[in-house]
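# Observations on chain architecture
Residues per chain are reported as follows:
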Amino acid sequence: MLKIYLANESKQTLGGGFTFLRNLKKGLAGQVEFVDNPEACDIYFISGATMVTRPDVEAAKEMGKKIVLRVDNIPRNSRNRNTGTSRLYDFAQIADVIIYQSEWARDFIGWFVDPFKKKKEAVILNGVDENIFTPDGPKMEKDGDLQYLYVRYNRDETKRWD
């Protein structure tokens, strides 16, 4: 059975990378083995560049582990000890596979993390948990006229472009 180490040095539990990890565990339950030791894994999975340290990622690569990096946006340097963007770039260069959170993410940041398109890549939406994300879920009744919904979740213009 394939063994995956979910790399995480952060004490936080909120955010896209953490949600992705929870959904990944749920979606792959029984199909892979999640291990607690990077030495015992086949795949070293990074769900967010700000969740791991450079020495840990470099050690995993030196051990010959396959590195998979999930990318969803550009981390803000101001919230990550001025290393968010540089870690994202460095880990992308080390990675064997890059997983984008959406087509938007691949279009928005793909040129930066893999400028020469040398890496294997895929888009995996964070919709593994269909109890939360229901593609055929409840629909609102329409009045016949066009309806618009404007949502602004985050004031940070790098996170939610209008």
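Note: the structure precedes this text.
I will try to describe carefully the structure that is included in this document.

About the criteria used
- Residues numbered from 1 in each chain as written.
- Predicted model: local features only at pLDDT ≥ 70, side-chain atom pairs only at ≥ 80, totals over all residues.
- Heavy atoms only, no water.
- Helix = DSSP H or I, 4+ residues; strand = E, 2+ residues; numbered from the N terminus.
- Buried < 20%, exposed > 50% of the residue type's maximum accessible area, 1.4 Å probe, protein only.
- Contact = heavy atoms within 4.5 Å.
- Areas by Shrake-Rupley, 256 points an atom, 1.4 Å probe, with all protein chains shown as cover.
- Core = buried A, V, L, I, M, F, W, Y, C linked by side-chain atoms within 4.5 Å.
- 1 Å grid on protein atoms, 1.4 Å probe; cavity = no way out; pocket = protein on both sides within 12 Å on 5 of 7 lines; lining within 4 Å.
- Points joined across faces, edges and corners; volume = space filled by probe spheres on them.
- Nonpolar A, V, L, I, M, F, W, Y, C, P; charged D, E, K, R; others polar.
- Salt bridge = Lys/Arg side-chain N within 4 Å of Asp/Glu carboxyl O.
- Pairing = 2+ DSSP bridges.
- Right-handed = clockwise from strand over helix to strand, strands pointing away.
- Lys, Arg positive; Asp, Glu negative; His and termini not counted.

Counting its secondary structure elements, the protein contains 4 helices and 6 strands. Going from the N terminus to the C terminus, the protein shows its helices and strands as β-α-β-β-α-β-α-β-α-β. Buried residues in the protein amount to 35% of all 162 residues. Residue pairs in contact within the protein that sit at least 24 positions apart in sequence constitute 63% of those at least 6 positions apart. When the accessible surface of the protein is summed, it comes to about 10900 Å², and 52% of that surface belongs to carbon and sulfur atoms.

Let's shift gears to the nonpolar core. Grouped together as the largest cluster of nonpolar side chains are 24 residues, with contacts concentrated most on Tyr44 and Leu69. When residues of this core are traced back to their parent elements, those giving at least two are strand E1 (3–7), strand E3 (43–46), helix H2 (54–62), strand E4 (66–71), helix H3 (84–94), strand E5 (97–100) and helix H4 (103–113). Excluding residues that lie within four positions of it along the chain, Tyr44 makes contacts with Tyr5, Ala7, Pro38, Val52, Asp56, Val57, Ala60, Lys65, Lys66, Ile67 and Val68. Membership of the second largest hydrophobic core comes to 12 residues, among which are Phe18, Leu21, Met51 and Ile99.

Turning next to the layout of surface pockets. In this structure, the second largest pocket encloses a volume near 150 Å³. Residue lining of the second largest pocket: Tyr5, Leu6, Asn8, Leu21, Arg22, Lys25, Phe34, Val35 and Asp36, and that is the complete set. When contributions to the lining of the second largest pocket are tallied by element, the ones reaching two or more residues are E1, helix H1 (16–28) and strand E2 (33–35). Looking at the lining of the second largest pocket element by element, the count peaks at 3 residues for H1. Counted by class, the lining of the second largest pocket contains 5 nonpolar, 1 polar and 3 charged residues.

This part covers the pattern of salt bridges. Enumeration according to the criterion identifies 6 salt bridges in this entry. A salt bridge links Arg54 to Asp90; the nearest nitrogen and oxygen atoms lie 2.9 Å apart. Of this pair, Arg54 sits in helix H2 while Asp90 is found in helix H3, placing the two residues 36 residues apart along the sequence. According to the relative accessible area criterion, Asp90 is partly exposed, its value standing at 28%. A salt bridge links Arg106 to Glu103, with the shortest nitrogen-to-oxygen separation between them at 2.6 Å.

With that out of the way, let us pick up unusual backbone geometry. Backbone geometry follows two general trends: most residues other than glycine have a negative phi, and most peptide bonds adopt the trans configuration. A positive phi is found at Lys117, a non-glycine position, where the angle reads about 50 degrees. You can see Lys117 is positioned in the loop between H4 and strand E6 (120–123).

Note: E5 against E6, 4 bridges, orientation parallel. The residue of E6 that forms the bridge with Tyr100 is Val123. Handedness of the E5-H4-E6 crossover: right-handed.

Its location among the elements puts Lys65 in the loop between H2 and E4. Buried Lys65, no salt bridge; nearest opposite-charge side chain is Asp42, N-O distance 6.0 Å.

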